[in-house]
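The primary structure of each chain is shown beneath.
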Amino acid sequence: NRRQRQMCIRDRAYTELFPDVLPKATSFFMRLSPTAKGATMFRVSLSHPLSLLAAVLPDMDARVLEPEVELCAGGVEGRLHFGYEAAGRHIDCTLHVLHQTEQPRAASYGFDDHIAHRVVRLPHYAMELEGGGRRVPMPDPMGLLVRSFLEEVAMDQPRLVDPAADPGMRHLVQLMDAMPPEDSPTP
């Protein structure tokens, strides 16, 4: 399916930097820098860690557990902690969001403290992952999505909802429900 193809390329870049990490990982971290502030930072960011987790640990019965949100006063920084159970494993997850308006915005992710940082080279928006003292190329996922869509159109097949997206949508709703009211800092 198209999501697996897209994530497989990203996984290849990560596993090229950290070859033995994914099969044994017990924790996950992602840092994103949305232009939004307050609880909206989480709302615009949540699909990214969920889609990456689903690609690394595909399981139609995956579960999100005990989400806890921290939103700092001023709404420019926050953290979301939750458990992710899938494919017989438990992953402790943290999403760190930090408001940033200047481009390119910082983004990083990793498993078990093996963090890869997205590097964007302007003006052509060429992306790489950097970690462990090395850099590897990473295709822009938007291009992969557009190519997949065009392939489906060329085959004259109706675009169907991917059944694998169902757990991710449930997880997204569950994490959204844990969000504080807009711009309310948590203690």
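This text goes with the structure placed above it.
Residues numbered from 1 in each chain as written. Predicted model: local features only at pLDDT ≥ 70, side-chain atom pairs only at ≥ 80, totals over all residues. Heavy atoms only, no water.

J.: Whenever I open this one, the overall build of the protein chain confuses me. Can you help?
T.: Secondary structure summary: the protein chain contains 5 helices and 8 strands in total. Beginning at the N terminus, the succession of helices and strands in the protein chain can be written as α-β-α-α-β-β-β-β-β-β-β-α-α. Among the 187 residues that make up the protein chain, the fraction classed as buried is 40%. Pairs at least 24 residues apart make up 65% of the contacts formed inside the protein chain by residues separated by at least 6 positions. For the protein chain, the exposed area adds up to about 10,200 Å²; of that, 56% sits on carbon and sulfur atoms. (Helix = DSSP H or I, 4+ residues; strand = E, 2+ residues; numbered from the N terminus. Buried < 20%, exposed > 50% of the residue type's maximum accessible area, 1.4 Å probe, protein only. Contact = heavy atoms within 4.5 Å. Areas by Shrake-Rupley, 256 points an atom, 1.4 Å probe, with all protein chains shown as cover.)

J.: Would you mind showing me how to read the side chain of Glu 128 here?
T.: Its place among the elements puts Glu 128 in strand β7 (residues 126-131). Residue class for Glu 128 comes out buried when judged on its relative accessible area of 14%. Ignoring any residue separated from it by four or fewer positions in sequence, one finds Glu 128 in contact with His 117, Arg 118, Val 119, Arg 121, Arg 135, Val 136, Pro 137 and Met 138.

J.: Which parts of the structure should I look at to understand the nonpolar core?
T.: Across soluble globular proteins, nonpolar side chains have a tendency to be buried as a group. Residues Tyr 14, Phe 28, Leu 80, Phe 82, Tyr 84, Phe 111 and Leu 129 are the most contacted members of the largest nonpolar core, which totals 44 residues. Top contributing element to this core by residue count: helix α3 (residues 47-56), with 5 residues. (Core = buried A, V, L, I, M, F, W, Y, C linked by side-chain atoms within 4.5 Å.)

J.: Where do I start with the sheet that holds strand β5 (residues 108-111) in this structure?
T.: To summarise the sheet geometry, strands pair through backbone hydrogen bonds and adopt either a parallel or an antiparallel arrangement. Pairing in this open sheet of 8 strands is mixed, and the strands run β2-β3-β4-β1-β5-β6-β7-β8 from one edge to the other. This sheet does not close on itself; its edge strands, each paired only once, are β2 (63-71) and β8 (134-138). Adjacent strand axes in the sheet meet at a mean angle of 20° when their direction is disregarded. Relative to strand β4 (residues 89-98), strand β3 (residues 77-86) runs antiparallel, the two sharing 10 bridges. When the sheet's bridge partners are listed, Glu 85 is paired in β4 with His 90. On the sheet, α3 packs against β1 (27-32), β2, β3, β4 and β5 and is oriented at approximately 145° with respect to β1. (Pairing = 2+ DSSP bridges. Axes fitted to C-alpha atoms, helices over the stretch in contact; angles between N-to-C directions.)

J.: Help me understand the side chain of Thr 94 in this model?
T.: With respect to the helices, strands and loops of the structure, Thr 94 is situated in strand β4. At 3.2 Å, the side chain of Thr 94 forms a polar contact with the side chain of His 81. Those residues in contact with Thr 94 that lie beyond four places of it in its chain are Phe 28, Phe 29, Met 30, Arg 79, Leu 80 and His 81. (Polar contact = N/O pair within 3.5 Å; in protein donor to acceptor, adjacent residues only side chain to side chain.)

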